[in-house]
Amino acid sequence: MGNNNQGEGQDLNQLLKVRRDKLADLQANGRDPFVITKFDQTHHTDEVKDLYSTHEEKLLAGRVAPVTEGLDEKEAREVINNDYNERRAIMDADPINVSIAGRMMFKRVMGKASFCNIQDLKGNIQVYVARDVIGEEPYADFKKSDIGDIYGIKGYAFRTKTGEISVHASEMTLLSKSLQILPEKFHGLNDTDVRYRQRYVDLIMNKESKDVFVKRSLMMREIRNFLAGRDFMEVETPMLVENAGGAAARPFITHYNALSEERKLRISLELYLKRLIVGGLERVFEIGRVFRNEGVDARHNPEFTLMELYQAYTDYEGMMELTESMFRYLAEKVVGSTTISYNGIEIDLGKPFERLTMTDAVKKYAGVDFDEIADDEAAKALAREKGIEFEDRHKKGDILNLFFEEYCEDKLVQPTFIMDHPIEISPLTKKKPSDPSKVERFELFINGWEMCNAYSELNDPIDQRERFKAQDANAEAGDDEAEHTDEDFLNALEIGMPPTGGIGYGLDRLCMLLTDSAAIRDVLLFPTLKAVGKSNTTGHAEESPAEEAKTGFFTPNEKIDFSNVKIEEYFEDQVDFDTFSKSDFRAVKVKDCVAVPKSKKLLQFTLDDGTGKDRTILSGIHAFYEPEELIGKTLIAITNLPPRPMMGIESCGMLLSAVNNLKDSEDEELHLLLVDNHIPAGAKLY
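## What about the pattern of salt bridges?
Throughout the structure, instances matching the rule amount to 45 salt bridges. One salt bridge in this structure joins R275 and D488, with 2.8 Å as the shortest N-O distance. Placement of the pair is R275 in helix α9 (residues 270-278) and D488 in helix α15 (residues 487-495), with a sequence separation of 213 residues. The exposure class assigned to R275 is buried, which follows from its relative accessible area of 15%. Classification of D488 as partly exposed rests on a relative accessible area of 46%. D369 is the salt-bridge partner of K363, the closest N and O atoms lying 3.7 Å from each other. When its relative accessible area of 45% is taken as the criterion, K363 is described as partly exposed. A single salt-bridge network, built from bridges that share partners, covers K22, D146, D149 and K177.

Shown next, in the form of structure tokens:
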């Protein structure tokens, strides 16, 4: 295997050297492509095709197709050929001259004439290159060109005998020499990682990926158009803040050298936009990046695009109308219909969105009426009975929300407004006058996802101070996602804020829905990824995908300090030495890995254990690994342990890890046992 890899590496290095030699030859002969500063591009490829088709319809109007019935094959071919030549003569007499530019994705050299395919932003088109037309020297250079080179091409449009609209080149200019080799296509787990890390290659090779980001840009533009039509004003607010408020999330913390002060990256846009409502800007919105120091999974990225808007003199009912109207508008503009498809499921945005209170939703899907629950203790008792995990600080409203997350969210596939949340989970929201234990708030759910979050905004500064006080208490009790008192915001409220409706939209998730994208990384041009080839805080390093492919290992063990290692005593209440000695150790491959909802520690693994049936194992290692970095790797598991329920999920086995006790510290490092990726799933360890 090592010799084969070495040979492949040598072949690749030789191919790369050939490209550099070609560049050196061009430079030595005064034809360095990198000294060219501009090219007059008059058309994109789709425009060339549309223009030619329209021109053809005009010039050849009334011309009928040749009749070949009753002719033998040779005669029929001659008739068709003559008709083609006559059509070409008519079209070439009044040519459409074009100047296109793009990347060469295909080349077929045939003596004195050749074909290539040029790809630009809007598509691709075939180019006919004849030596007698462009000249011997340019043609010789073209024959030496490589897939990936960028060309500027002048010529005229025509249709080939096979019916393909093409460009007949009269002049070809090499604008940039590609010194790397493009892949043939992307497939498999490792290539998915490369797609995210090298998005520029993904955009070249995958039309579907490019289409997603074209639609994302369209979505952003149409959001602004929609809000402009409703007299909203776009504003910008600070990213570096003293107090990161407006959401329940842990912030990133940085240091401002000039002031020698700690700053946080914003987790929300809310509190500054409300200050602007106080200042008299009655309708404001902001589209901006926010940053939350949390895990990464299919729907979460630590930096993401949020839009928040605030409108004076309306409430959450007004925000529901705006949201429903905007989602329909965007679907029509981006997808072309108010009926969209996500993962094969049809979602109808044209019908009125369903409305349910959170209490009614839990009653409908869990069979529990929280209006009948007497107090906090009764709610906790019910949670214990149903296996819902909660914290001591939680109150009845918190537990209602936990029931909703457990029993309801995944049922809300068609657009549904969930309204009237408990006050405990809504510190910035106005109470319902008819029921002070609830607030005027809604979340829109589509496809089981929360798509937005809206309030009738709290504008009572005395009430707001009490809510902040409760959040401060939660923070002192260990809630690192609790908000903190913001004195300047309270001062703004004391000056006076009118009744206001406000809402926040996760635009990445909305883009996923409108483009039928499976993961948030598919709609982020440059998603957050663990660095390649750098040591991380857990003491292990990553190899590049190319290095992984060569070695078959994903984690080089020499980077880990094993001087103080012990095997962590999992299941010690269930497994004594005698039963442990009978454990069945198997190599397992990670097919999928996700964070377990409502758990900060657990990851849920879907594993290939060689049996042909997926195995589920939960492991409390989220503090040390993100789910996406483990997909495709080979681990070691004990596969004959009895199933163990964890967070309502049966964990069938245990993944083995090593725990390193750091010297002079109470901290520990945990390392999954990752093994050679060539070991097949189900292989038994002895």
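There is more to say, and it comes next.
## With respect to empty space enclosed by the protein
One pass over the full model with this rule turns up two cavities of 30 Å³ or more. Volume-wise, the largest cavity comes out at about 70 Å³. For the largest cavity, the full set of lining residues is V241, N243, A244, G245, R266, S268, L269, E270, L271, Y272, R275 and D486. The element that contributes the greatest number of residues to the lining of the largest cavity is α9, accounting for four residues. Partitioning the lining of the largest cavity into residue classes produces five nonpolar, three polar and four charged.

## Focus on the pairing of strand β3 (residues 123-130)
Relative to β3, strand β2 (residues 113-120) is paired through eight bridges, and the arrangement is antiparallel. Bridge pairing links D120 to G123 in β3. Hairpin connection, β2 to β3: the antiparallel pair is bridged by two residues. Note: β3 against strand β5 (residues 165-176), three bridges, orientation parallel. Each bridged residue has a counterpart across the sheet, and for Q126 the counterpart in β5 is S166.

## Regarding a nonpolar patch on the surface
Residues L12, L15 and I181 make up a contiguous nonpolar surface patch of about 240 Å² in total accessible area. If you trace the backbone, L12 turns up in helix α1 (residues 2-28). On the accessibility criterion, L12 (41% relative accessible area) is partly exposed.

## Comments concerning the side chain of R199
Structurally, the position occupied by R199 is in helix α7 (residues 199-205). Its relative accessible area of 0% is what places R199 among the buried residues. In terms of polar contacts, R199 uses its side chain to reach the backbone carbonyl oxygen of R521, at 2.6 Å. In this view, R199 contacts S209, F213, R521, D522, L524, L525, F526 and P527; residues no more than four positions away in its chain are not counted.

## Describing the side chain of E308
Locating E308 in the fold gives a position in strand β11 (residues 303-312). Within the buried core, E308 has no salt-bridge partner, and the shortest N-O distance to an opposite charge, that of R292, equals 5.8 Å. A distance of 3.0 Å separates the side chain of E308 from the backbone nitrogen of L269, its partner in a polar contact. Within the local environment of E308, its side chain forms a polar contact with the side chain of Y310, the two groups lying 2.6 Å apart. Beyond its immediate chain neighbours, meaning those up to four positions away, E308 contacts S268, L269, E270, L273, V284, F285, E286, I503 and G504.

## A short note on the sheet that holds β2
Overall, mixed pairing links the five strands, which are arranged β1-β2-β3-β5-β4 in a closed barrel. Strand-to-strand twist in this sheet, taken as the mean axis angle between neighbours without regard to direction, amounts to 55 degrees. In the sheet, strand β1 (residues 97-110) pairs with β2 via seven bridges, with the strands oriented antiparallel. When the bridges of β2 are listed, R108 appears paired with F115.

## Re the confidence of the model for the protein chain
Predicted confidence across the protein chain gives a mean pLDDT of 88, with 89% of residues reaching 70 or more. Of the regions scoring below 50 in pLDDT, residues 536-563 engages in 62 contacts with residues more than four places distant in sequence or in other chains.

## What to know about the environment of R393
Along the chain, the position of R393 falls in the loop between α12 (376-386) and α13 (396-407). Along the primary structure R393 and D376 are separated by 17 residues, whereas in three dimensions their C-alpha atoms are 10.0 Å apart. In this structure, R393 is in contact with D398, N474 and D479, ignoring residues within four places of it in sequence.

## Remarks on the sheet that holds strand β6 (residues 233-234)
If you walk across this open sheet you meet the eight strands as β6-β10-β11-β20-β19-β18-β15-β14, and the pairing is mixed. Of all the strands in the sheet, the pair left with one neighbour each is β6 and β14 (354-357). Where strand β18 (residues 441-446) meets strand β19 (residues 449-456), six bridges bridge the pair, whose relative direction is antiparallel. Its bridge partner being in β19, E443 is matched across the sheet by N453. Those strands touched by α9 are β10 (283-291), β11, β19 and β20 (500-506), and its axis lies near 25 degrees from that of β11.

## Let's talk about α12
Among the residues making up α12, those that are buried are A379, K380, L382 and A383. Down the axis of α12, the sector holding all buried residues measures 160 degrees, keeping them to one side. In α12, the exposed positions that point more than 90 degrees away from the buried face belong to R384 and E385. Considering only its buried residues, α12 is in contact with α13. Its side-chain oxygen at 3.3 Å from the backbone nitrogen of E377, D375 defines the N-terminal cap of α12. G387 lies just past α12 and shows a positive phi near 75 degrees.

## A few points about the pairing of strand β17 (residues 435-439)
Here two bridges tie strand β16 (residues 431-432) to β17, and the two strands are oriented antiparallel to one another. Bridging from a neighbouring strand, K432 pairs with D435 of β17. Counted between consecutive antiparallel strands, the loop separating β16 from β17 contains two residues.

Criteria and thresholds
- Residues numbered from 1 in each chain as written.
- Predicted model: local features only at pLDDT ≥ 70, side-chain atom pairs only at ≥ 80, totals over all residues.
- Heavy atoms only, no water.
- Salt bridge = Lys/Arg side-chain N within 4 Å of Asp/Glu carboxyl O.
- Helix = DSSP H or I, 4+ residues; strand = E, 2+ residues; numbered from the N terminus.
- Buried < 20%, exposed > 50% of the residue type's maximum accessible area, 1.4 Å probe, protein only.
- 1 Å grid on protein atoms, 1.4 Å probe; cavity = no way out; pocket = protein on both sides within 12 Å on 5 of 7 lines; lining within 4 Å.
- Points joined across faces, edges and corners; volume = space filled by probe spheres on them.
- Nonpolar A, V, L, I, M, F, W, Y, C, P; charged D, E, K, R; others polar.
- Pairing = 2+ DSSP bridges.
- Patch = residues over 30% accessible without salt bridge, like charges linked within 9 Å, V, L, I, M, F, W, Y side chains within 5 Å.
- Areas by Shrake-Rupley, 256 points an atom, 1.4 Å probe, with all protein chains shown as cover.
- Polar contact = N/O pair within 3.5 Å; in protein donor to acceptor, adjacent residues only side chain to side chain.
- Contact = heavy atoms within 4.5 Å.
- Lys, Arg positive; Asp, Glu negative; His and termini not counted.
- Axes fitted to C-alpha atoms, helices over the stretch in contact; angles between N-to-C directions.
- pLDDT = per-residue confidence, 0-100.
- Arc of directions from axis to C-beta.

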